[in-house]
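One-letter residues, chain by chain:
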Amino acid sequence: MNMAWKEMKKSKAKFIILGSIIFLVSFLTFIISGLANGLSQDNAALIKDLPQGHFYMSTDAKGTYNLSKIDPSLQDQTLKEHKDAAAFSIQMGFVNDKEDKQHTVAFVTSTDSPLFEKVAPGEIVLDKSLEKDGIKVGDVLTNNQFNGEFKVVKFVDQKKYSHAPVAYINMNDYKEIYRAKGLQLMFIPGQDQAPSITGLDSYTNNEFLNTISSYKAENMSLQMIIWFLIAISGLLFAIFFYMMNVQKIGLYGILKAIGVKTGTLFRMMWAQMFLITISALVLSVALSLGFNMIAPKGMPFSLTLNGTILLSVLFLVIGFIGATLSGMQIRKVEPLQAIQQGDM
Amino acid sequence: MTTFTIQDVTKTFTNGEVSEQVLNGINLSLQEGELTALVGASGSGKSTLLTIAAGLQSASDGKVKFDGNNMIGMTQEQIRKIRASKFGFVFQSAHLVPFLTVEDQLMLMLDVAESKMSKHEQKEEVAKVLKLVEMDHRKNAYPASLSGGEKQRVAIARAIIHKPKILFADEPTASLDSKRSRDVMTLIRDLTKKLKITTLMVTHDEEMLPFADRIITMKDGLII
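Here is what the cut-offs are and how they apply
Sequence positions are assigned chain by chain, starting from 1 and proceeding in written order. Note on labels: chains are lettered from A, ligands numbered from 1, in written order. Predicted model: local features are reported for residues with pLDDT of at least 70 only, side-chain atom pairs are reported and counted for 80 or more only, and whole-chain, interface and lining totals are derived from all residues. Excluding hydrogens and water, the side-chain figures rest on all heavy atoms present in the structure. UniProt positions are given in the numbering used here, feature names are shortened, and annotations may be inferred rather than shown by experiment. Strands here are runs of E lasting at least two residues and helices are runs of H or I lasting at least four, both read from the DSSP assignment and numbered beginning at the N terminus. Only buried residues count toward a nonpolar core. Its members are Ala, Val, Leu, Ile, Met, Phe, Trp, Tyr and Cys residues joined through side-chain atoms within 4.5 Å. Relative accessibility thresholds used throughout: buried, under 20% of the residue-type maximum; exposed, over 50%; partly exposed, between the two (1.4 Å probe, protein chains only). In what follows, a contact means two residues having at least one pair of non-hydrogen atoms within 4.5 Å. By convention, a stacked pair of Phe, Tyr or Trp rings (six-membered ring in the case of Trp) has centres within 6.5 Å and planes under 30 degrees apart, an edge-to-face pair has planes over 60 apart, and any other such pair is tilted. Once two parts are put together, the accessible area they lose, assessed with a 1.4 Å probe and summed over both, is termed the buried area. Salt-bridge detection follows one rule: a side-chain nitrogen of Lys or Arg within 4 Å of a carboxyl oxygen of Asp or Glu. A 1.4 Å probe that fits into a set of points on a 1 Å grid over the protein atoms alone but cannot get out defines a cavity; an open set with protein on both sides within 12 Å along at least five of seven lines defines a pocket, and lining residues are those with an atom within 4 Å of a point. Grid points are joined across faces, edges and corners, and a volume is the space filled by probe spheres set on the points.

S.K.: Could you give an account of the UniProt feature "transmembrane region" (unreviewed entry) in chain A, naming the residues involved and the relevant values?
M.R.: The UniProt entry lists residues 224-244, 265-291 and 303-325 of chain A under the feature "transmembrane region" (unreviewed entry), expressed in the numbering used here. Secondary structure content for residues 265-291 of chain A is 100% helix and 0% strand, and the end C-alpha separation is 39 Å.

S.K.: Break down the nonpolar core for me, with residues and values.
M.R.: Judged by nonpolar contacts, the single largest core of 107 residues is most densely connected at Phe 241 and Leu 255 of chain A together with Phe 4, Met 71, Phe 87 and Phe 168 of chain B. If sequence neighbours within four positions are ignored, Met 71 of chain B has contacts with Phe 4, Ala 53, Ala 54, Gly 55, Val 64, Phe 66, Ile 79, Ile 82 and Phe 87 of chain B. In terms of nonpolar packing, the next biggest core, distinct from the first, is built from 27 residues, Ile 47, Ala 106, Val 156 and Tyr 161 of chain A among them.

S.K.: Tell me about the environment of Phe 23 of chain A, and name the residues and values.
M.R.: Residues and elements named next belong to chain A. When you line up the elements, Phe 23 lands in helix α2 (residues 12-48). By relative accessible area, which is 16% here, Phe 23 ends up buried. Once the C-alpha coordinates of Phe 23 and Thr 304 are considered, the two residues, 281 residues apart in sequence, prove to be 19 Å apart. Sequence-distant contacts of Phe 23, that is, excluding residues within four places in its chain, are made with Ala 280, Leu 283, Ser 284 and Leu 287.

S.K.: Describe the packing of aromatic side chains, and please don't skip the residues or the numbers.
M.R.: Under the defined criterion, the tally for this structure stands at 26 aromatic pairs over all chains. Centroid distance Phe 266 of chain A to Trp 270 of chain A: 5.5 Å. Interplanar angle 45°. Geometry classified as tilted. Taken together, the positions of Phe 266 of chain A and Trp 270 of chain A, both in helix α8 (residues 262-294) and four residues apart, correspond to about one turn of that helix. Residue Phe 266 of chain A is classed as buried on the basis of its relative accessible area of 7%. Between Phe 87 of chain B and Phe 89 of chain B, the ring centres sit 6.5 Å apart and the planes meet at 75°, which makes this aromatic pair edge-to-face. Taking relative accessible area as the criterion, Phe 87 of chain B reaches 1% and is therefore assigned buried.

S.K.: I'd like to hear about the interface of chain B and chain A, residue by residue, with values.
M.R.: A common way to state how big an interface is: give the accessible area lost once the parts meet. The interface of chain B with chain A comprises 28 residues on the first partner and 23 residues on the second. Contact between chain B and chain A buries roughly 2200 Å² in total, counting both sides, with carbon and sulfur atoms accounting for 70%. Summed over the shared surface of chain B and chain A, the result is two salt bridges. A salt bridge links Glu 114 of chain B to Lys 261 of chain A; its shortest N-O distance comes to 4.0 Å.

S.K.: Quick rundown of empty space enclosed by the protein? Include the residues and the values.
M.R.: Taken as a whole, this structure holds one cavity of 30 Å³ or more when the rule is applied. Lining the largest cavity we find Ile 339 of chain A together with Leu 50, Thr 51, Leu 56, Phe 89, Val 90, Phe 91, Phe 168, Ala 169 and Asp 170 of chain B. Among the elements of the structure, α1 (46-53), β6 (87-90) and β7 (166-170) of chain B are those that each provide at least two residues to the lining of the largest cavity. When residues of the lining of the largest cavity are assigned to their parent elements, the largest contribution, three residues, is made by β7 of chain B.

Structural data, given as structure tokens:
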């Protein structure tokens, strides 16, 4: 007999209240997760979109990539040994449009690689967000540290770094702007084990992302909020089921006296927990994904299916743990005590 | 035919350094189709004896034999199985499940007793037993809408739906008025005879004693 469902049907208000709370907490978690993901994409899409591999910067840079300098001969030798590797640099800067309006960009230049845009001298490839600022293909842009001009040849989707649109330029133009002799970083895609290169330290994709201080600070705060909300939902389950179990101690005792297994009582509680959580999650996932579609274009919001599934599973696990911990009192219930008490 | 035997059962409660012996070597045999009433003053040990016999607490010493097996020393799971399938319980309060209808209370008991009947057969059996206790017209009612007497009738129906061998009744009429008490006792006596159940009942209400086949009086943990 499905006692769990029969109880829920009879005590609708009680379970709807719990379901609403779980829905609100999970909805808030999905929205914040979407914002966290959107912001991290806005902060480092350039790096996040690269395949898994290993980043290298000079040892003396001590993990600060804009202090890193790769020795040109070491770079040539590494590129020879690893055909799919690329050396590249990222520097924040500005471009001025024909109306002399200044736009912040992250200049990126690299050796020949399918991982980065190939750009000829005097040309520039921009992130699509600059198109909304009125820049068009064929426009001419300038930079006060660059003697020549940049002709816009193409726009690319979702290439952001440090919340600024990426501007791919030729290596010679880059060297002129930043008076640089070499590049800052190297990237070798694939490779489970990072090949050891003398004078360079290797970083996995995640390790490298965390060397970007703004990314680390922003991501940590948002992740902390998400985990906090998940912990709250676990506590809510524990408290709610604890209170409900305390009310039902007498009933559990009588059911045990007539021969109901303790496991059956646990299964009843788990069934209620799963039913409430799944209903609340279905509603909050639907609304979050709906919000994902209608979110204003400028809002950095990105909720992936994988992320949603992961968070949903986490909610179920946390709910299960919360309900189970609070249900431990079911095991301790003595039928005799319940019989000696009055009606429930 | 003897179906249930209690041999030299003792029970001592210990609280710190203080210990109190509430049963001092009880010997008792219960017969099939017989309603046995346990009477005695408060503290005489009658409720303790009933709960030990029902496997709801353990004895300090002695034997409680059911179907030839000593229940003292059985595992909790073995005792639970016996309680679920061979015993029926009627308590002082009806102790019905508040979110189940009258019909569902009985269906639950059939589930607990691991009845081999199909759902359809179970429903038929429930209808039959509800008719027996004259509660068939309230099968869709929840406990909150039943009177005290009706609740106790449902509790009795729940106690006998799985055809137990032993029915334990602990003060089954204590929360009822005289008329309802007599109705409930008539029902317990009739079911004991009709279904050939062995019934052990604790009561302190002398008006209920004429319903019993056998009256056992207890005093200071002994049968007198």
